[in-house]
Amino acid sequence: MSACPDKELLLHALADGELDAGNVLALEAHLATCPGCAAELAAIREVKAQLKAAPVAYAAPKSLYDRLDAALAEAEAPPPAPRRGMRFETWVLSGTGAAIAASIALMAILPSGASLQSELVDAQARSLDAQHLVDVQTSDRHTVKPWFNGKVDFAPPVVDLASQGYPLVGGRLDRIDGKRVAALVFHRGAHVINLFIWPGDAPSEASLQQNKGYNLVRWGRGGLVFWAVSDCDPAALTGFQQDFAAATK
Amino acid sequence: MSGRLLPFRRSAPRAAASGPASFSSALRGGPRSTEPAGAAAPFPRPSEAPRFRELIVPHIDAAYSLARYLARDATAAEDIAQEALLKAYRNIDSLRGAAVKPWLMAIVRNAYFDWRRRDNGRTVTGPAAEVAMAEAPAEQSSAEDELIRQGDVAALRRAIETIPEPFREALVLRDLDELSYRDVAEITGVPMGTVMSRLARARRMLGERMGILEATA
């Protein structure tokens, strides 16, 4: 017992509710007299019902949401709200809008990005002279890391590099290009190293740059961009980068 | 990196189409920036984020699921879905009142073909493997069919994956995504009659293994 070959597609269409009224009437009249087609229709409906009953569709994994989030975070910077110099307040660097947004966007492609570097250097300098070096002062990375919970929408890796000569001083929130970023603060002798971290893409190889007498090292890892900024000598900063990258592998 | 702190909720696959739109903290709430980003920015219209959240985020599961059934590989599906969703974000203006889901599914499908061209047979689930699978019903063991008949979801998914691509694609778009014949025809670029015969064939292959439909029409 099988369906009439010329009716097969119509039976599927009927089961799918895709037939117009005229064809429905004609097919139902046929079904009343054709057990083969009636059985086929019942079988088609059963296949559909079983597919519907089983959760065969896949749910997107969290990692996809994370990756999208990192990519789209770039797209919507928080509105600029300059409130500089207020102690105990999150620092807000006055964004210069389009130029910096563009330079950030280009960072992924081009090794340069003078305005971003300049902004990072400014943030470094201000962290020193505004007496707002850290929001959470501790060398305990287990205190610093959870402190960022709820303050930034990513989890910055926090390590203490005291044994390598770069003790962790603490962490702070900062703003670069209107984006809330994590800043970790380390000491190198008398020098301060600010490590700015935010979601984004950058080559994993470190690149050393100079701006206004400061040294900057940028690298990327795990969907995060890292910028270490300091007035310590380039070799010390490069060493810091290597130690930090090794400790967060 | 340990887990991010996003308060997004995973929705069940079936609920995906109408699921909650909580997604990205970057996209969540808050006044939007009125500052235009530079022309060189990869996403030139930051203010589209709320539209993206409203229109496209509810279909993220469906986008991933289609990519997964086309590529038959979890990692590739994630790449394909991400690429498609970012493309959707950038081109959200081209939506112009059209239905979101068919539009997005077409983008996912294109992203899949782009991936397949790039991938160029590097993964085992390429077209060659597909032909091999279609011609090797021996793999479809009776034990596997028994699992399918017991309603084992993993076995059912594997059964869908063994259906050759054009038929599998029609089945996923119609029976999982519940799109109309017309939408499926537009997405896959074939006449509606072709969609109907592909769908019938896909259901037959699946129905045989479920022990429901007979082997020949």
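Residues numbered from 1 in each chain as written. Chains lettered and ligands numbered in written order. Predicted model: local features only at pLDDT ≥ 70, side-chain atom pairs only at ≥ 80, totals over all residues.

## Quick notes on the overall build of chain A
Within chain A, the regular secondary structure consists of eight helices and seven strands. In chain A, buried positions account for 43% of the 249 residues. Counting only contacts in chain A whose residues sit at least 6 apart along the sequence, the fraction spanning at least 24 positions is 56%. (Helix = DSSP H or I, 4+ residues; strand = E, 2+ residues; numbered from the N terminus. Buried ≥ 20, exposed ≤ 12 C-beta atoms within 10 Å, placed from the backbone. Contact = placed C-beta atoms within 7 Å.)

## Looking at the nonpolar core
Generally speaking, nonpolar side chains in soluble globular proteins are found buried as a group. One finds Ala63(B), Ala67(B), Ile80(B), Ala81(B) and Val108(B) to be the most contacted residues of the largest nonpolar core, which totals 76 residues. Two domains each put at least three residues into this core: domain 1 (47-124) and domain 2 (136-211) of chain B. Aside from chain neighbours lying at most four places away, what touches Val108(B) is Ala63(B), Leu66(B), Ala67(B), Ile80(B), Ala81(B) and Ala84(B). Core analysis: the next-biggest nonpolar cluster, separate from the first, contains 37 residues, Ile176(A), Leu184(A), Phe186(A) and Cys232(A) among them. (Core = buried A, V, L, I, M, F, W, Y, C linked by C-beta atoms within 7 Å. Domains from an automatic or database assignment.)

## Things to note about the confidence of the model for chain A
Residue and element names in this part refer to chain A. Taken as a whole, chain A shows an average pLDDT of 80; of its residues, 82% reach a score of 70 or greater. Within chain A, no element has a lower average pLDDT than helix H5 (residues 98-107), which sits at 40, and none a higher one than helix H1 (residues 8-15), at 95. Segment residues 79-112 is flagged for pLDDT under 50; beyond a separation of four residues in sequence, or across chains, it makes 68 contacts in the model. (pLDDT = per-residue confidence, 0-100.)

## Observations concerning the environment of Gly189(B)
All names here are of chain B. With respect to the secondary-structure elements, Gly189 resides in the loop between helix H9 (181-188) and helix H10 (192-210). The exposure class assigned to Gly189 is exposed, which follows from the 9 C-beta atoms found within 10 Å. For the pair Gly189 and Ala106, spaced 83 residues apart in the sequence, the C-alpha separation amounts to 9.6 Å.

## Re the environment of Asp119(B)
Residue placement: Asp119(B) occurs in helix H4 (residues 100-119). Between the C-alpha atom of Asp119(B) and that of Ala76(B), which follows or precedes it by 43 residues, the distance is 9.4 Å.

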